[in-house]
Amino acid sequence: MNTLINSQIAKKLSVTKTTIANYIQDAKDKKNNLQTIEVDGKVKLLDTPTNWNELEQLAKEGRKFNRTTTNHKTVSLPKSFYELFDTQSQFEIYRDLETLQEIDLKYHYTNHGAEFWDSRYKQKVSSVSIAIEQLLKNCVYDIKHSLTHKFNFIDIGCGNGFPSNLLLREHLVKKYIGLDISSELLEICRNNLREFTSSVEIDTHALDLQKSGLEDLVAKWNSDEGNLFAFIGNTICNYNQIDRADLLNAIQRVMTKNDMLIISYSLNSKENNLNFRYVQDQNMERAWLPKLIGIDVTECNYDHVFDAQKQCKIKYLQLDKNYTLKFRLFNEEKIITLNAGDKIALWKHYLFSLEEIVRELNFSNFSIQFLKIHQDNVFIGCQIALP
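Keep in mind that this is a model prediction, so the values were computed, not measured.

How each quantity is defined
Residues numbered from 1 in each chain as written. Predicted model: local features only at pLDDT ≥ 70, side-chain atom pairs only at ≥ 80, totals over all residues. Heavy atoms only, no water. Helix = DSSP H or I, 4+ residues; strand = E, 2+ residues; numbered from the N terminus. Buried < 20%, exposed > 50% of the residue type's maximum accessible area, 1.4 Å probe, protein only. Contact = heavy atoms within 4.5 Å. Lys, Arg positive; Asp, Glu negative; His and termini not counted. Charge placed at Lys NZ, Arg CZ, Asp CG, Glu CD. Salt bridge = Lys/Arg side-chain N within 4 Å of Asp/Glu carboxyl O. Phe/Tyr/Trp six-rings, centres within 6.5 Å; stacked < 30°, edge-to-face > 60°. Axes fitted to C-alpha atoms, helices over the stretch in contact; angles between N-to-C directions. Parallel < 35°, antiparallel > 145°, perpendicular 65-115°, else oblique. Pairing = 2+ DSSP bridges. Core = buried A, V, L, I, M, F, W, Y, C linked by side-chain atoms within 4.5 Å. Left-handed = near helix turned anticlockwise from the far one by under 90°. Nonpolar A, V, L, I, M, F, W, Y, C, P; charged D, E, K, R; others polar. Right-handed = clockwise from strand over helix to strand, strands pointing away. Polar contact = N/O pair within 3.5 Å; in protein donor to acceptor, adjacent residues only side chain to side chain.

Considerations on the overall build of the protein chain
Of the regular secondary structure elements, the protein chain holds 17 helices and 15 strands. Classification of the 387 residues of the protein chain by burial places 52% in the buried group. The long-range fraction of contacts in the protein chain, counting pairs at least 24 apart against all pairs at least 6 apart in sequence, stands at 70%. Here the protein chain contributes 47 positive and 50 negative side-chain charges, whose respective centroids are spaced 3 Å apart.

Remarks on the pattern of salt bridges
Enumeration according to the criterion identifies 21 salt bridges in this entry. A salt bridge links Glu83 to Lys79, with the shortest nitrogen-to-oxygen separation between them at 3.8 Å. Taken together, the positions of Glu83 and Lys79, both in helix α4 (residues 79-84) and four residues apart, correspond to about one turn of that helix. Overall, Glu83 belongs to the exposed group, its relative accessible area being 58%. For Lys79, a relative accessible area of 63% puts it in the exposed group. Between Glu332 and Lys334 there is a salt bridge, and its shortest N-O distance comes to 3.5 Å. Relative accessible area serves as the criterion here: at 44%, Glu332 is assigned to the partly exposed category.

What to know about the packing of aromatic side chains
All told, the structure shown has 13 aromatic pairs when counted by the stated rule. A ring pair is formed by Phe91 and Phe330, whose centres lie 6.0 Å apart and whose planes are at 50°; its orientation type is tilted. Of the two residues, Phe91 is situated in helix α5 (residues 87-99) and Phe330 in the loop between β11 (322-329) and β12 (332-338); the sequence distance between them amounts to 239 residues. The exposure class of Phe330 is exposed, given its relative accessible area of 53%. Summarising the aromatic geometry, the rings of Phe162 and Phe196 are spaced 5.5 Å apart at their centres and angled 85° between planes, so their arrangement reads as edge-to-face.

Focus: the packing of helix α6 (residues 112-122) against helix α10 (residues 183-196)
In a packed pair of helices, the relevant descriptors are the angle between the two axes and the axis-to-axis distance. Orientation of α6 relative to α10, taken along the N-to-C sense of each, is 40°, at an axis distance of 8 Å. Judged by the inter-axis angle, α6 sits oblique to α10. On α10, the residues touching Ala114, Glu115, Trp117, Asp118 and Lys122 of α6 are Glu184, Leu185, Ile188 and Asn192.

As for the sheet that holds strand β15 (residues 377-384)
Ordered by their spatial adjacency, seven strands build an open sheet running β6-β5-β4-β7-β8-β15-β14, and the pairing between neighbours is mixed. Strand pairing shows two members of the sheet lacking a second neighbour, β6 (201-206) and β14 (366-374), which therefore form its edges. Across this sheet, the average inter-strand angle for adjacent strands is 20°, counted without regard to direction. By the bridge criterion, six bridges tie strand β4 (residues 151-156) to strand β5 (residues 173-180) in an arrangement that is parallel. In the sheet register, Asn152 faces β5, and the bridge partner there is Lys175. In this fold helix α7 (residues 127-138) packs onto β8 (260-266), β14 and β15, with an angle of close to 45° to the strand it touches most, β15.

Remarks on the nonpolar core
The biggest cluster of nonpolar side chains holds 38 residues, and the ones touching the most others in it are Leu179, Leu214, Phe229, Ile251, Leu261, Ile263 and Tyr265. A per-element tally of this core places helix α12 (residues 241-254) first, with five residues. When neighbours within four sequence positions are excluded, Leu214 is seen to be in contact with Ile156, Leu179, Leu207, Leu209, Ala250, Ile251 and Val254.

With respect to the packing of helix α1 (residues 6-13) against helix α3 (residues 49-61)
Put simply, α1 and α3 touch, their axes get as near as 11 Å, and they point 55° apart. Compared by their axis directions, α1 and α3 come out oblique. Crossing of α1 against α3: the hand is right-handed. Facing Ile9, Lys12 and Leu13 of α1, the residues of α3 in contact are Trp52, Leu55, Glu56 and Ala59. Of the residues belonging to the contact of α1 with α3, the class tally is five nonpolar, no polar and two charged.

Notes on the pairing of β5
Remember that side chains alternate between the two faces of the sheet whenever the strand is regular. Most of β5 is tucked away: seven of the eight residues are buried. Handedness of the crossover is the feature at issue here: the chain leaves β5, passes through α10, returns alongside β6, and the resulting connection is right-handed.

Considerations on the sheet that holds strand β9 (residues 301-307)
Pairing is antiparallel across the open sheet formed by three strands, whose spatial order is β9-β10-β13. Looking at strand neighbours, the two that pair on one side only are β9 and β13 (343-350), the edges of this open sheet. Each neighbouring strand pair of the sheet contributes to a mean axis angle of 20°, computed without reference to strand direction. The sheet contact formed by β9 and strand β10 (residues 312-318) spans seven bridges and is antiparallel.

Some points on the side chain of Lys106
Along the polypeptide, Lys106 turns up in the loop between α5 and α6. The class of Lys106 is buried, set by a relative accessible area of 7%. Among the polar contacts made by the side chain of Lys106, one reaches the side chain of Asp208 at a distance of 2.8 Å. Each residue touching Lys106, except ones within four places of it in the same chain, is listed here: Glu92, Ile181, Asp208 and Gln210.

Honestly, it's all geometry; don't read function into it.
Structure, rendered in structure tokens:
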């Protein structure tokens with residue numbers, strides 16, 4: 001007879017895997033009416049209408065038979081949290097968790113997240129990264145045509161620097177400047193790029209473009225011949241409409257008429273809406289930050305959905321119990337109360353039609369010079385629109 005998988009039951013009934021395990025233990029102890037069978041030394045639930053009726057009744061009654069954990073956990077955030085993040089970042093994490101029930105993706109790339117991202121990229125797991133590399137190769141001629149000299153390459157959200165080596169190998173780059181929120185990723189970026197070139201000067205700076213402008217940094221690199229700014233990897237798709245406009249305007253303000261921006265987006269298509277291959281097996285790795293703030297990530301469920309109204313793909317962590325999280329901010333205690341079953345967004349990625357992308361760039365005063373599409377990814381070269 002067919003048996004049920006605990007994780008699938010938990011997802012369908014919106015309970016935790018711990019709860020299902022306790023249902024099974026209670027069935028063995030004759031405390032409920034679930035039908036079980038032993039397979040390879042493990043007790044499993046039979047896939048029968050009777051069992052589903054019993055499971056739905058147990059879930060409805062809210063009988064959480066947790067023996068090893070309680071239904072509530074109170075946590076004072078550890079010293080390591082305050083050492084890892086500056087005061088503004090600490091507040092943003094607190095604010096987003098309290099008001100939006102999410103943790104901004106950018107913070108996941110610090111600490112352990114940096115090595116994880118570098119490893120995943122090199123394993124060619126992400127179809128987006130592979131597509132962006134191909135698109136960048138396809139656009140080398142267009143970049144050469146627009147910038148007919150060696151240029152400073154200002155790589156915004158540079159990550160591990162891997163896509164950039166394509167331009168470095170073409171001997172187009174005079175100086176490489178990598179910008180990223182994660183100091184750990186910047187170190188990885190420097191090491192990776194030094195493996196590809198010894199002739200290009202490599203400079204990196206820790207920068208969160210949502211907090212600090214580019215003016216002071218870019219003033220040192222201004223060139224009458226023009227610079228190449230890059231915001232690739234579809235990173236801009238991780239931001240909502242207001243934040244995207246702010247980021248584009250921040251870049252546009254420091255560009256001159258001779259500069260070029262290359263940028264990439266994810267297109268909205270039925271296939272792309274349903275494509276979650278990249279995040280399906282990242283549960284523990286992407287959850288290092290929730291674990292740091294005290295959430296029992298191994299006891300939680302994970303889910304991913306496409307929000308058609310927002311045109312956004314979302315990865316959630318669903319809490320296993322009630323939590324009280326105590327932050328220490330500005331010499332005051334700030335408390336967040338979260339409930340069992342609450343969903344915390346760990347990853348958001350917005351999708352766009354081509355018309356929406358063009359309209360968004362035009363609104364920020366960019367004029368498109370070239371545009372290429374590959375596998376639901378669009379790669380665009382643009383300059384400041386002249387009056």
